[in-house]
Amino acid sequence: MNTIKTYVKNNKERFINELIELLKIPSISADSDYKNDIVKTANAVKSALETAGCKIVELCDTPGNPIVYGEHIINEDLPTVLVYGHYDVQPADPIELWESAPFEPVIQITKLHPEGAIYARGSSDDKGQMYMHIKAFELMMQTDTLPCNIKFMIEGEEEIGSSSLEWFVKRNQDKLSNDVILISDTGMISMDQPSITTGLRGLSYVQVEVRGPNRDLHSGLYGGAVANPINILTKMIASLHDENNCITIPKFYDNVIEATIEERKEMAKAPFSLEEYKSALDIDEVYGEKGYTTNERNSIRPTLDVNGIWGGYIGEGAKTVIASQAFAKISMRLVPDQTPEEITELFKNHFESIAPKAVKVKVTPHHGGYPYVTPIDFVGYRAANKAYTEAFGVESIPQRGGGSIPIVALFEQELKSKTILMGFGLDSDAIHSPNEHFGIYNFLKGIETITLFYRYYAEMKS
Ligand code: BES
Ligand code: MN
Ligand code: MN
């Protein structure tokens, strides 16, 4: 058996236990109540890097959450890989839908995960995937096989828009100089079919507010005579898609690069079962833009979705009331060459223009991000492909992803380097949902694949 496999096998229990300790800290970036846990997690990541043998490790202060920076330069002439990951996690709610406590990790054997999966918030997104990189580094240090220089940059604000990381990257271009960026914060098709994510969607996120009368009104005394903000808001939102599920905002699709027939044919080769997809979600039918397949809808097409909507009375029983205000949070996933600035502006103008005079409308932009597409004809991709193919025994395939990691486009802009998205999660990991989990097989295979990546990247670069 080769050194990599042996090392992973011999240290398996310890790797898992260390990850479990990290998962116990509730590093929720969206909620300031967890600020201490954020700092605690950053320190835990710092110690983990030090223990693994990283020469320089710093906790970098930012206007927001600290960034853990590590650097292990063995030879200036060797290529340098910059590893990015995030130690912050999504809030756990709705907590009552978790079968075990979100920050008390448990290992569960399932049909899909005969080797077990670790159930905890952040297990797959992204603590578990980030930790694979620290363990792969440790492995290479211990077996004296590290063939590249490594830099680590692990942030604590990915789930809330990475604004401190943007601040940090813009101020530290030299420090962060690298030949390629490596990220494990995405997924793959299945355990039998590894894939490399070649694209991420961008994001435009807005909050909308519809204001009617100056106070909540008796729905009998006033009902029918004044505009009901909730009625109006839902009607406006409904009008944002047409009968074909196309988005109706004028010019919304103007900058969308349409995939060619060849590209779509290539995409359709990826293994996918619509029946399994539907049964995994307990739905009778899929739903989306006419003329596109499910895999196209969730990766190469832009979207508009309401993420939350509120207003009026939602307590127990009935209260006859016309609310004075109604709100919604709306996300739009973007594809090349749409930009968050352009789309936010188009949305705002359109949404204001369709509001009846009987209400006032306000659109507040939140964070955004640019879409990203990686080439597959460069050394980094070829090395990653070779690593996956060897580790899984099946050739990996390129696949555009539907999620967003907005900082990736900024890396290209500021650091002038390409990113390889080496994800090991599965769609069924339930990231951002109750019962998030990460397969132990995926975790260990990830460590193995990452180690192989360094080997082939260094070989191909020399
Ligand atoms: N790791 C995800 C992104 C992801 C997951 C991409 C799976 C592709 C496949 C990341 O942590 C995330 O959740 N990003 C957010 C965007 C952010 C600005 C809040 C997203 O995609 O909603
Ligand atoms: Mn993530
Ligand atoms: Mn996430």
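The coordinates are above.
All of these numbers come straight from a predicted model, not from anything done at the bench. (Residues numbered from 1 in each chain as written. Chains lettered and ligands numbered in written order. Predicted model: local features only at pLDDT ≥ 70, side-chain atom pairs only at ≥ 80, totals over all residues. Heavy atoms only, no water.)

**Points about the state of the cysteines**
Step number 1: Per the stated rule, a full pass over the model turns up 0 disulfides.
Step number 2: Considering cysteine sulfurs only, cysteine 54 is the nearest to cysteine 60, which forms no disulfide, with 12 Å between them.
Step number 3: Here cysteine 60 falls in the buried class, since its relative accessible area comes to 9%. (Disulfide = S-S within 2.5 Å. Buried < 20%, exposed > 50% of the residue type's maximum accessible area, 1.4 Å probe, protein only.)

**Let's talk about the coordination of the manganese ion (ligand 3)**
Step number 1: For the manganese ion (ligand 3), the protein coordination sphere consists of Asp125 (OD), Glu159 (OE), Glu159 (OE) and His432 (NE2), at 2.1 to 2.5 Å.
Step number 2: Coordination geometry of the manganese ion (ligand 3): the 6 donor atoms subtend angles of 56 to 154 degrees at the metal centre, consistent with an arrangement described as irregular.
Step number 3: As a motif over one chain, the donors of the manganese ion (ligand 3) read D-x33-E-x272-H.
Step number 4: Taken as a pair, the manganese ion (ligand 3) and the manganese ion (ligand 2) show a spacing of 3.6 Å, with aspartate 125 coordinating each metal. On the criterion of sequence distance, the pair formed by aspartate 125 in the loop between strand 5 (117-119) and helix 3 (127-142) and histidine 432 in the loop between strand 17 (419-421) and strand 18 (437-439) is long-range, its members being 307 residues apart.
Step number 5: Accessibility expressed as a relative area gives 7% for aspartate 125, which makes it buried. (Donors = N, O, S within 2.8 Å, 3.2 Å for Na, K, Ca; no water. Tetrahedral: all angles 85-135°; square planar, octahedral: opposite > 155°, others 65-115°. Helix = DSSP H or I, 4+ residues; strand = E, 2+ residues; numbered from the N terminus.)

**Observations regarding the coordination of the manganese ion (ligand 2)**
Step number 1: Taken together, His86 (NE2), Asp125 (OD), Asp185 (OD) and Asp185 (OD) make up the protein donors of the manganese ion (ligand 2), found 2.0 to 2.5 Å from the metal.
Step number 2: Viewed at the metal, the 6 donor atoms of the manganese ion (ligand 2) are separated by angles of 56 to 165 degrees, and the geometry they form is irregular.
Step number 3: Taken in chain order, the donor set of the manganese ion (ligand 2) reads H-x38-D-x59-D.
Step number 4: According to the relative accessible area criterion, aspartate 185 is buried, its value standing at 13%.

**So, the layout of surface pockets**
Step number 1: Space inside the second largest pocket adds up to approximately 360 Å³.
Step number 2: Considering the residues around the second largest pocket, the lining is formed by 19 residues, among which Pro340, Glu341, Gly368, Gly369 and Tyr370 are closest to the centre.
Step number 3: Mapped by element, the contributors of at least two residues to the lining of the second largest pocket are strand 9 (202-211), helix 9 (340-353), strand 14 (360-369) and helix 11 (407-415).
Step number 4: With 5 residues, the single largest contributor to the lining of the second largest pocket is strand 14.
Step number 5: Looking at which domains feed residues into the lining of the second largest pocket, each of domain 1 (2-200 + 371-461) and domain 2 (202-256 + 302-369) gives three or more. (1 Å grid on protein atoms, 1.4 Å probe; cavity = no way out; pocket = protein on both sides within 12 Å on 5 of 7 lines; lining within 4 Å. Points joined across faces, edges and corners; volume = space filled by probe spheres on them. Domains from an automatic or database assignment.)

**Quick look at the packing of helix 1 (residues 3-23) against helix 12 (residues 440-461)**
Step number 1: At a minimum axis distance of 10 Å, the contact between helix 1 and helix 12 shows a crossing angle of 130 degrees. In terms of their interaxial angle, helix 1 and helix 12 are classed as oblique. In this structure, helix 1 crosses over helix 12, and the sense of that crossing is right-handed. The segment helix 1 lies against helix 12, with Ile4, Lys5, Val8, Lys12, Phe15, Ile16 and Leu19 engaging Ile440, Phe443, Leu444, Lys445, Ile447, Glu448, Thr451, Leu452 and Arg455. (Axes fitted to C-alpha atoms, helices over the stretch in contact; angles between N-to-C directions. Parallel < 35°, antiparallel > 145°, perpendicular 65-115°, else oblique. Left-handed = near helix turned anticlockwise from the far one by under 90°. Contact = heavy atoms within 4.5 Å.)

**Examining the nonpolar core**
Step number 1: In terms of nonpolar packing, the biggest core is built from 65 residues, with Phe443, Phe453 and Tyr454 touching the most fellow members.
Step number 2: Those elements that place two or more of their residues in this core are helix 1, helix 2 (35-52), strand 3 (80-86), helix 3, strand 6 (149-155), strand 7 (180-183), helix 10 (379-392) and helix 12.
Step number 3: The element that contributes the greatest number of residues to this core is helix 12, accounting for 11 residues.
Step number 4: Those residues in contact with tyrosine 454, other than ones at most four positions away along the chain, are Val81, Val83, Met140, Pro147, Cys148, Ile150 and Leu182.
Step number 5: Ala227, Met236, Ala326 and Ala355 belong to the second largest nonpolar core, which has 25 residues in total. (Core = buried A, V, L, I, M, F, W, Y, C linked by side-chain atoms within 4.5 Å.)

**With respect to the packing of aromatic side chains**
Step number 1: What the rule picks out here adds up to 13 aromatic pairs.
Step number 2: Residues tyrosine 84 and phenylalanine 411 carry aromatic rings whose centres are separated by 5.5 Å and whose planes lie at 70 degrees to one another, so their mutual orientation is edge-to-face. Highlighted residues: tyrosine 84 in strand 3 and phenylalanine 411 in helix 11, separated in sequence by 327 residues. Taken individually, tyrosine 84 and phenylalanine 411 each receive the classification buried, so the pair is uniform in this respect.
Step number 3: For the pair phenylalanine 453 and tyrosine 454, a centre-to-centre distance of 5.8 Å together with 75 degrees between the ring planes defines the contact as edge-to-face. (Phe/Tyr/Trp six-rings, centres within 6.5 Å; stacked < 30°, edge-to-face > 60°.)

**Some details on unusual backbone geometry**
For residues other than glycine, phi is negative in most cases, and the peptide bonds are mostly trans.
Step number 1: In this chain, aspartate 125 is followed by aspartate 126 through a cis amide linkage whose omega measures 0 degrees.
Step number 2: The topology assignment puts aspartate 126 in the loop between strand 5 and helix 3.
Step number 3: Between proline 336 and aspartate 337 the backbone carries a cis peptide bond, its omega angle lying at -5 degrees.
Step number 4: As for its position among the elements, aspartate 337 is in the loop between strand 13 (325-334) and helix 9.
Step number 5: The backbone phi angle of serine 162 is positive, close to 55 degrees, even though this residue is not glycine.
Step number 6: Note that serine 162 resides in the loop between strand 6 and helix 4 (163-171).

Don't take any of this as a statement about function, it's just geometry.
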